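# Inside the fold
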Amino acid sequence: MELKGSLGGSKVFELLQGLSVFSFSGRLTISDSRGPQAVVVLAQGKPCAALLGHLQGEEALLACFFWYEGTFAFETLAPEGLNCQQAGKLPPSFNLATFALNAVYIADELEKRRPLVPADDDVVRLQAPFAGEDPFDCGLREVYEALEKGGAVTVRELEQALPLAPIKIRLALAYLVEKGVIPRSGVTWAPTSSGKIKKAWARLASSFGGGVRVFLVVPAVTDKEQAARQLSQWLQEKLEAPPWLSLPKSGPCFVRFRPEGGGVLTVCVMSADELQSLPEFVAFASAYDVIVCAAGLATSKEDYQKVAGVPIIGVSGVEEFAAHFFETLASVGK
């Protein structure tokens, strides 16, 4: 069997989740409208290998994860006909939901630093030593050592030389600019505002350092899509920006905005049932700015207090949260 189609408004994450629901085995080819092509091998619905140019495994999957314009073709194969030990194999412990949470986190951190990211043809070089940690696990050390060894190079040359997804390389460069390790003058993140709601967003984004990340916990899996759609519709009207909306049947739903005034807003929606089966929940939730618990949860919001340093807010429902979105988050702004 062969499936073909256009990515259209769908996301690679939704496509992979859809194939996993039916436990399909085979080869998925994803072609971006700009030219690049990625191949993902699935065994009984689980991605087991990925290739994209010189990138392999999770780096290849991350590089195509946010494609939304292009085509896809899936060819089913018998499990015994697959070669998941080929180049680009993913670790046996690979979990798509966990991968998606991490991918969106990296994208959010990059968006917060968008003005600091050099252009493709910009020449970058080191102007100061750096011995700090990599807070985003984005290959910071590899990027730094490549610049230390090779001297001044363009961003494009770095992407061609390093076995890292471009989104990671750009985040690493932006962070090194932020720390004064790479020179880049005259760029700062400064939100603009016009109108009552846009001013509220500018204030909120500023208080959270340019990006606001919300982890919304709903009672059941069946509540996720409706909750994500409600927030998406309300915020789209108020922010006057199109959403990046991902609504897979299983795993996290995402609502992301890049408002015209600057910054990034991400809401990750998961059910309490799913979180109980996700061991990494505490680690990922701690990367969010606030956890919002909708009423009706079998688990009380106090049970999530083990997530150190993350404010917990209880709301009576998603509608209430949407109606008072800015006021609710402003109460926990930094």
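Conventions used here
- Residues numbered from 1 in each chain as written.
- Predicted model: local features only at pLDDT ≥ 70, side-chain atom pairs only at ≥ 80, totals over all residues.
- Heavy atoms only, no water.
- Phe/Tyr/Trp six-rings, centres within 6.5 Å; stacked < 30°, edge-to-face > 60°.
- Buried < 20%, exposed > 50% of the residue type's maximum accessible area, 1.4 Å probe, protein only.
- Lys NZ or Arg CZ within 6 Å of the ring centre and 35° of its normal.
- Core = buried A, V, L, I, M, F, W, Y, C linked by side-chain atoms within 4.5 Å.
- Helix = DSSP H or I, 4+ residues; strand = E, 2+ residues; numbered from the N terminus.
- Arc of directions from axis to C-beta.
- Contact = heavy atoms within 4.5 Å.
- Pairing = 2+ DSSP bridges.
- Axes fitted to C-alpha atoms, helices over the stretch in contact; angles between N-to-C directions.
- Patch = residues over 30% accessible without salt bridge, like charges linked within 9 Å, V, L, I, M, F, W, Y side chains within 5 Å.
- Areas by Shrake-Rupley, 256 points an atom, 1.4 Å probe, with all protein chains shown as cover.
- Salt bridge = Lys/Arg side-chain N within 4 Å of Asp/Glu carboxyl O.
- Lys, Arg positive; Asp, Glu negative; His and termini not counted.
- Charge placed at Lys NZ, Arg CZ, Asp CG, Glu CD.
- Parallel < 35°, antiparallel > 145°, perpendicular 65-115°, else oblique.
- Left-handed = near helix turned anticlockwise from the far one by under 90°.
- 1 Å grid on protein atoms, 1.4 Å probe; cavity = no way out; pocket = protein on both sides within 12 Å on 5 of 7 lines; lining within 4 Å.
- Points joined across faces, edges and corners; volume = space filled by probe spheres on them.
- Nonpolar A, V, L, I, M, F, W, Y, C, P; charged D, E, K, R; others polar.

### So, the packing of aromatic side chains
With the rule as written, the count across this model stands at 16 aromatic pairs. On the numbers, 5.6 Å between centres and 20° between planes, the contact of phenylalanine 22 with phenylalanine 24 is stacked. For phenylalanine 22, a relative accessible area of 59% gives the class exposed. The interplanar angle of 45° and the centroid separation of 5.1 Å between the aromatic rings of phenylalanine 321 and phenylalanine 325 together place this pair among those described as tilted. Its relative accessible area of 0% is what places phenylalanine 325 among the buried residues. Members of the aromatic cluster, connected to one another through ring pairs, are Phe13, Phe65, Phe66, Phe94, Phe99, Trp244 and Phe254. One residue, lysine 11, lies across the ring of tryptophan 244, its end atom 5.5 Å from the ring centre.

### Some remarks on the nonpolar core
Ranked by internal contacts, the top residues of the largest apolar core, which has 78 residues, are Leu28, Val143, Leu158, Leu173, Phe215 and Phe254. The leading source of residues in this core is helix α3 (residues 96-112), at ten residues.

### Thoughts on helix α4 (residues 140-150)
Among the residues of α4, those classed as buried are Leu140, Val143, Tyr144 and Leu147. Along the axis of α4, the buried residues cluster in a sector spanning 95°; they form a single face. Elements in contact with the buried residues of α4: β7 (123-124), β8 (153-154), α5 (155-161) and α6 (166-178). In the stretch just after α4, glycine 151 is the one whose phi turns positive, near 75°.

### Structural notes on the sheet that holds strand β12 (residues 264-271)
Strand order in the open sheet made by the six strands is β10-β11-β12-β9-β13-β14, with mixed pairing throughout. The strands lining the two open edges of the sheet, one partner per strand, are β10 (244-246) and β14 (312-315). Averaged over neighbouring strand pairs, the angle between their axes works out to 15° when direction is ignored. In this structure, strand β11 (residues 253-257) lies alongside β12, joined through five bridges in antiparallel fashion. What sits directly across from arginine 256, in β12, is threonine 266. Contacts from helix α8 (residues 221-239) reach β9 (211-218), β10, β11 and β12 within the one sheet, and its direction differs from that of β12 by about 160°.

### Describing a negative patch on the surface
On the surface, a cluster of negative charge is contributed by Asp137, Glu142, Glu145 and Glu148. Within the secondary structure, glutamate 145 sits in helix α4.

### Quick word on the packing of helix α2 (residues 57-64) against α3
Here α2 crosses α3 at 60°, and the two axes come no closer than 11 Å. Taken together, the axes of α2 and α3 lie oblique to each other. Our pair here, α2 against α3, has a crossing hand that is right-handed. Seen from α2, the contacting residues are Glu58, Leu61 and Leu62; seen from α3, they are Phe99, Ala103 and Ile106.

### Examining the pattern of salt bridges
Applying the stated criterion to the full structure yields 15 salt bridges. Across the salt bridge formed by glutamate 225 and arginine 229, the nearest N and O atoms sit 3.1 Å from each other. Of this pair, glutamate 225 and arginine 229 are both found in helix α8, four residues apart, which corresponds to roughly one turn of the helix. When salt bridges that share partners are traced, they join Asp120, Asp121, Arg156, Glu159 and Arg170 into one network.

### Quick notes on the layout of surface pockets
Of the voids in this model, the largest pocket is the one considered here, and its volume is about 1,300 Å³. Breaking the lining of the largest pocket down by element, the ones donating at least two residues are α2, α3, α5, α6, β10 and β11. In terms of residue class, the lining of the largest pocket is made up of 21 nonpolar, six polar and 13 charged.

### Re the side chain of lysine 11
Within the secondary structure, lysine 11 is located in the loop between β1 (2-6) and α1 (12-21). For the buried lysine 11, which has no salt bridge, the nearest side chain bearing the opposite charge is glutamate 14, at an N-O separation of 4.7 Å. Beyond its immediate stretch of four places on either side in the chain, lysine 11 contacts Trp67, Tyr68, Trp244, Leu245 and Ser246.

### Examining unusual backbone geometry
Both trends apply: most residues other than glycine have a negative phi, and most peptide bonds are in trans. One non-glycine residue, serine 23, adopts positive backbone phi at about 55°. Tracing the sequence through the fold places serine 23 in the loop between α1 and β2 (26-32). Residue serine 23 is classed as partly exposed on the basis of its relative accessible area, which comes to 43%. Positive phi, close to 50°, is recorded for aspartate 137, a residue that is not glycine. Residue position: aspartate 137 is located in the loop between β7 and α4. Looking at aspartate 137, the relative accessible area reads 59%, which means it is exposed.

The values reported here are purely geometric and, on their own, carry no functional implication.
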